[in-house]
Amino acid sequence: VLRSLGIPTRVITNFNSAHDRNTNLSIDKYLDSSGKTLHLTEDSVWNFHVWNESWFTRRDLGSFYDGWQVLDATPQERSKGIYQCGPASTRAIKEGDVNLDYDSSFVFAAVNADYVTWIRYSNKRKKRIYSDTRKIGKLISTKAVGTNSRVDVTANYKYPEVKEISFKISYSQYKNFLMDDKKILVTAV
């Protein structure tokens, strides 16, 4: 419909798309102390999700947010009382401006939430045991104009993930850390 009105529009596919039901910008998985999955949250990760982008000028948000805007024709959550999603500026999503109207926090989580695993103890205490900042929002793509090729638009939604820095330590340093009851991760090189 938007294309018929002369508004540039394209389909976007997001692989490993997060569905953040509690809007905390993370996808939380809970385990009991034996490792059994506890169903304490409705957060989920979908294999993929598809939405549209359209090119708008944003007088309501300011020119910084002009450009591609996310519009989801199949929203799964209520926004301001009705099922709708967008138009959320891809610039706002990339910059982490999650407090803007038009569901920028929901779309931010879909492409950039942390996947966090917790142990939930019987006394209601929980402890984070793992956090994956790279799992969500993979190969965000659209179709190339005039061909059936895929165009990767991930950089429109998020900055590249920071690479882990490897370092070497001597065995004596490692042994001292162990004696001090400190935990470190050592990778053999």
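Use the structure listed above.
Treat the numbers as computed from the prediction; the structure is a model and nothing was measured. Just so you know, the residues in each chain are numbered from 1, in the order the chain's sequence is written. Restriction of local features to residues with pLDDT of at least 70 applies here, the model being predicted, together with a cutoff of 80 or more for giving and counting side-chain atom pairs; totals for whole chains, interfaces and linings are based on all residues. Note that water and hydrogens are dropped before the side-chain values are worked out from all heavy atoms of the structure.

Draft legend 1. Spatial organisation of the overall build of the protein chain. A count of helical and extended segments in the protein chain gives four helices and twelve strands. Think of it in three bands: residues with accessible area under 20% of the maximum for their type are buried, residues over 50% are exposed, and the middle band is partly exposed, with areas taken using a 1.4 Å probe on protein chains only. Each of the 189 residues in the protein chain was classed as buried or not, and the buried ones make up 34%. Any two residues having at least one pair of non-hydrogen atoms within 4.5 Å are treated as being in contact. The long-range fraction of contacts in the protein chain, counting pairs at least 24 apart against all pairs at least 6 apart in sequence, stands at 53%. Here, Shrake-Rupley sampling with a 1.4 Å probe gives the accessible areas, and only protein chains in the shown set may cover a residue. Carbon and sulfur atoms make up 52% of the accessible area of the protein chain, which amounts to about 12500 Å² in all. Elements are defined by DSSP. Helices are runs of H or I of four residues or more, strands are runs of E of two residues or more, and each kind is numbered from the N terminus.

Draft legend 2. Spotlight on the packing of aromatic side chains. Planes of paired rings set the category: under 30 degrees apart is stacked, over 60 is edge-to-face and the rest tilted, where pairs are Phe, Tyr or Trp rings (Trp by its six-membered ring) whose centres lie within 6.5 Å. Under the definition given, this model contains five aromatic pairs. With centroids separated by 6.3 Å and ring planes inclined at 20°, the aromatic side chains of tyrosine 30 and tryptophan 118 adopt a geometry described as stacked. Placement of the pair is tyrosine 30 in strand β2 (residues 26-31) and tryptophan 118 in strand β9 (residues 114-120), with a sequence separation of 88 residues. Both rings, one in phenylalanine 64 and one in tyrosine 65, keep their centres 5.1 Å apart while their planes meet at 85°; by these two values the pair is edge-to-face. By relative accessible area, phenylalanine 64 is classed as partly exposed at 38%.

Draft legend 3. The arrangement of the nonpolar core in detail. Counting 13 residues, the largest nonpolar core has Val70, Ile93, Val107 and Tyr157 as its most contacted members. Per element, the largest residue contribution to this core is four residues, and it comes from helix α2 (residues 104-112). Residues within four places of isoleucine 93 in sequence aside, it is in contact with Val70, Ala88, Ser104, Val107, Phe108, Val111 and Tyr157. The nonpolar core is taken to be a set of buried Ala, Val, Leu, Ile, Met, Phe, Trp, Tyr and Cys residues, with the residues joined through side-chain atoms within 4.5 Å.

Draft legend 4. Representation of a nonpolar patch on the surface within the structure. A surface patch of nonpolar side chains, about 420 Å² in accessible area, is lined by Val11, Phe15, Phe48, Val50 and Leu139. Secondary structure elements with two or more residues in the nonpolar patch: β1 (9-19) and β4 (44-56). If you trace the backbone, phenylalanine 15 turns up in strand β1. Owing to a relative accessible area of 32%, phenylalanine 15 belongs among the partly exposed residues under this scheme. Distance thresholds for patches are 9 Å for like charges and 5 Å for nonpolar side chains (Val, Leu, Ile, Met, Phe, Trp, Tyr), applied to residues having over 30% relative accessible area and no salt bridge. For this document, the term salt bridge refers to a Lys or Arg side-chain nitrogen within 4 Å of an Asp or Glu carboxyl oxygen.

Draft legend 5. Inspection of the pairing of β4 at higher detail. For two strands to be treated as a pair, DSSP must find no fewer than two bridges joining them. As judged from the ten bridges shared by β1 and β4, these two strands associate in the antiparallel manner. The residue bridging isoleucine 12 from the neighbouring strand is tryptophan 51, located in β4. Sheet analysis places β4 next to strand β5 (residues 67-71), joined by five bridges and oriented antiparallel. Bridge pairing in β5 places asparagine 52 opposite leucine 71.

Draft legend 6. The arrangement of the side chain of serine 141 in detail. Topologically, serine 141 is positioned in strand β11 (residues 138-143). Judged by its relative accessible area of 5%, serine 141 falls in the buried class. Counting of polar contacts relies on pairs of N or O atoms within 3.5 Å, with two restrictions inside protein: one atom must be capable of donating a hydrogen and the other of accepting it, and residues adjacent in sequence are counted only when both atoms are side-chain atoms. Within the local environment of serine 141, its side chain forms a polar contact with the side chain of arginine 150, the two groups lying 2.8 Å apart. Beyond its immediate sequence surroundings of up to four residues, serine 141 is in contact with Val11, Ile12, Thr13, Arg150, Val151 and Val153.

Draft legend 7. Representation of the sheet that holds β1 within the structure. Ordered in space as β8-β5-β4-β1-β11-β12, the six strands form an open sheet in which the pairing is antiparallel. Strand pairing shows two members of the sheet lacking a second neighbour, β8 (88-89) and β12 (150-152), which therefore form its edges. Only C-alpha atoms enter the line fits that serve as axes; for helices the fit covers just the stretch in contact. Angles between N-to-C directions range over 0 to 180 degrees. Along the sheet face, α2 touches β1, β4, β5, β8 and β11 and points at about 70° away from the line of β1.

Draft legend 8. Seen up close, α2. Taking burial as the measure, the nine residues of α2 include seven buried ones, the bulk of the element. Turning to α2, its buried residues number three or more, namely Ser104, Phe106, Val107, Phe108, Ala109, Ala110 and Val111.

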